[in-house]
Amino acid sequence: MKKIELDIVGLSYSQTQSGAYALVLGEINGRRRLPIIIGSFEAQAIAIEIEKMTPSRPLTHDLFKSFAEAYHIAIQEIIIYNLVDGIFYSKLICNDGKKTLEIDARTSDAIALAVRFDCPIYTYEFILSSAGIVIEGNEFVYLENISETPEEVKPVSAGGGYATLSTEELKTKLQEALAEESYEKAAKIRDELNKRKAS
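Remember, it's a predicted structure, so these values are computed and weren't measured experimentally.

Parameters at a glance
- Per chain, residues are indexed from 1 in the order of the written sequence.
- Given that this is a predicted model, residues contribute local features only at a pLDDT of at least 70 and side-chain atom pairs are listed and counted only at 80 or more, while totals for whole chains, interfaces and linings are drawn from all residues.
- Hydrogen atoms and water are omitted, and side-chain values are computed over all heavy atoms in the structure.
- Starting at the N terminus, helices and strands are each numbered in turn, a helix being any DSSP run of H or I of at least four residues and a strand any DSSP run of E of at least two.
- The contact rule is simple, with two residues in contact once any of their heavy atoms fall within 4.5 Å.
- When a carboxyl oxygen of Asp or Glu is within 4 Å of a side-chain nitrogen of Lys or Arg, the pair counts as a salt bridge.
- Residue exposure (1.4 Å probe, protein chains only): buried if accessible area is under 20% of the type maximum, exposed if over 50%, otherwise partly exposed.
- We define a nonpolar core as any set of buried Ala, Val, Leu, Ile, Met, Phe, Trp, Tyr and Cys residues linked to one another through side-chain atoms lying within 4.5 Å.
- The convention used is that axes are lines fitted to C-alpha atoms, helices contributing only their stretch in contact, and that angles between N-to-C directions extend from 0 to 180 degrees.
- Orientation labels follow simple angle bins: below 35 degrees gives roughly parallel, above 145 gives roughly antiparallel, 65 to 115 gives roughly perpendicular, and whatever is left gives oblique.
- Each crossing gets its hand from how the near helix is turned against the far one by less than a right angle, where anticlockwise is left-handed and clockwise is right-handed.
- For two strands to be treated as a pair, DSSP must find no fewer than two bridges joining them.

Glancing now at the environment of Phe117. As for its position among the elements, Phe117 is in helix H3 (residues 107–117). For the pair formed by Phe117 and Gln76, sequence separation is 41 residues and the distance between their alpha carbons is 8.0 Å. Leave out the neighbours within four places in its chain, and Phe117 touches Phe64, Lys65, Ala68, Ile73, Ala74 and Ile75.

Moving on, we come to unusual backbone geometry. Despite not being glycine, Asn29 shows a phi value in the positive range, around 55°. Mapped onto the elements of the fold, Asn29 is located in the loop between strand S2 (20–27) and strand S3 (32–39).

Turning our attention to the pattern of salt bridges. Between side chains of opposite charge, a pair can form as their charged atoms come close. Within the structure shown, the criterion is met by nine salt bridges. We note a salt bridge from Asp62 to Arg116, for which the minimum N-O separation is 2.6 Å. Linking Asp62 in helix H2 (residues 60–70) with Arg116 in helix H3, this pair joins segments that are 54 residues apart in sequence. A relative accessible area of 17% means that Asp62 is categorised as buried. For Arg116, a relative accessible area of 4% corresponds to the buried category. Close ionic contact of Lys91 with Glu102 constitutes a salt bridge, the shortest N to O distance being 3.2 Å. One end of the pair, Lys91, is in strand S5 (residues 87–95); the other, Glu102, is in strand S6 (residues 100–106), with 11 residues separating them in the sequence. Under the relative-accessibility criterion, Lys91 is labelled buried at 17%. Residues participating in the shared-partner salt-bridge network are Glu27, Arg32 and Glu125.

Leu25, Leu34, Ile75, Ile78, Ile80 and Leu92 are the most contacted members of the largest nonpolar core, which has 29 residues in total. If one sorts the elements of this core by residue count, H3 sits on top with six residues. Filtering out sequence-adjacent residues up to four positions away, Leu34 remains in contact with Leu6, Leu23, Val24, Leu25, Phe88, Ile127, Leu128, Ala131 and Gly132. In terms of nonpolar packing, the next biggest core, distinct from the first, is built from 10 residues, Leu165, Leu174, Ile189 and Leu193 among them.

Looking now at the packing of H2 against H3. Taken N-terminus to C-terminus, the directions of H2 and H3 make an angle of 55°; their axes are 10 Å apart at the nearest point. Taken together, the axis directions place H2 and H3 in an arrangement best described as oblique. As H2 runs across H3, the sense of the crossing is right-handed. Each of His61, Asp62, Phe64, Lys65 and Ala68 in H2 lies in contact with H3, whose residues at this interface are Asp109, Ala112, Leu113, Arg116 and Phe117.

What follows is about the side chain of Glu49. Inspection of the secondary structure puts Glu49 in helix H1 (residues 40–50). Contact partners of Glu49, with chain neighbours within four places excluded, come to Asp62, Val115 and Arg116.

Let's shift gears to H3. Counting buried residues in H3 gives 11 out of 11 residues, a clear majority hidden from the surface. Among the residues of H3, Thr107, Ser108, Asp109, Ala110, Ile111, Ala112, Leu113, Ala114, Val115, Arg116 and Phe117 are the ones counted as buried. In the segment just after H3, Asp118 is the residue with positive phi, at about 50°.

A few words on the pairing of strand S7 (residues 121–124). Here S7 shows no split at all, with Ile121 and Thr123 on one side and Tyr122 and Tyr124 on the other all buried. In this sheet, S7 lies alongside strand S1 (residues 3–13) in antiparallel orientation, the contact comprising four bridges. Bridge assignment links Leu6 to a residue of S7, and that residue is Ile121. In terms of strand pairing, strand S4 (residues 74–84) meets S7 through three bridges, oriented parallel. Each residue of the ladder has a partner; that of Ile78, found in S7, is Ile121.

Structure below.
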């Protein structure tokens, strides 16, 4: 399966979930974005490394890097390899010079390590197609609805503030959220559109 390389394009505070952040990964040489909700500790660990700040004592991810380097282990790449019920699954591809091993990891931890080891982050097409958002020209379009025409409102579960909006209204809201770089809001709208597509 062909891997698609991603880069970190944004990290913003969640306006709806206390203590959560929206990490936005972008397709290298592409227009697609993959928003992932992560915890504050992991967001801090990623931000500190991106900003090249040096904490007074090593953070957990810094300790992991020092420990790995002491035993001549390097992380070659990170792969976000699956998406189940809104949860991203990732693995570290590690090498000690003799053998290569895959280690399961939370996506937020994997990315915090990727920025420390300066290694690439990859995912697969099916993940970007189902959970990503693409920019077409000056408009943001929900990936799975690119070839569809607007539909009328379908009955959906009562939960969530977007259930009462029509599909066309949701697409407009999605465009607005992306224009404002409110990626968490965009992810919620995307999930509502996903529910309608599945029903």
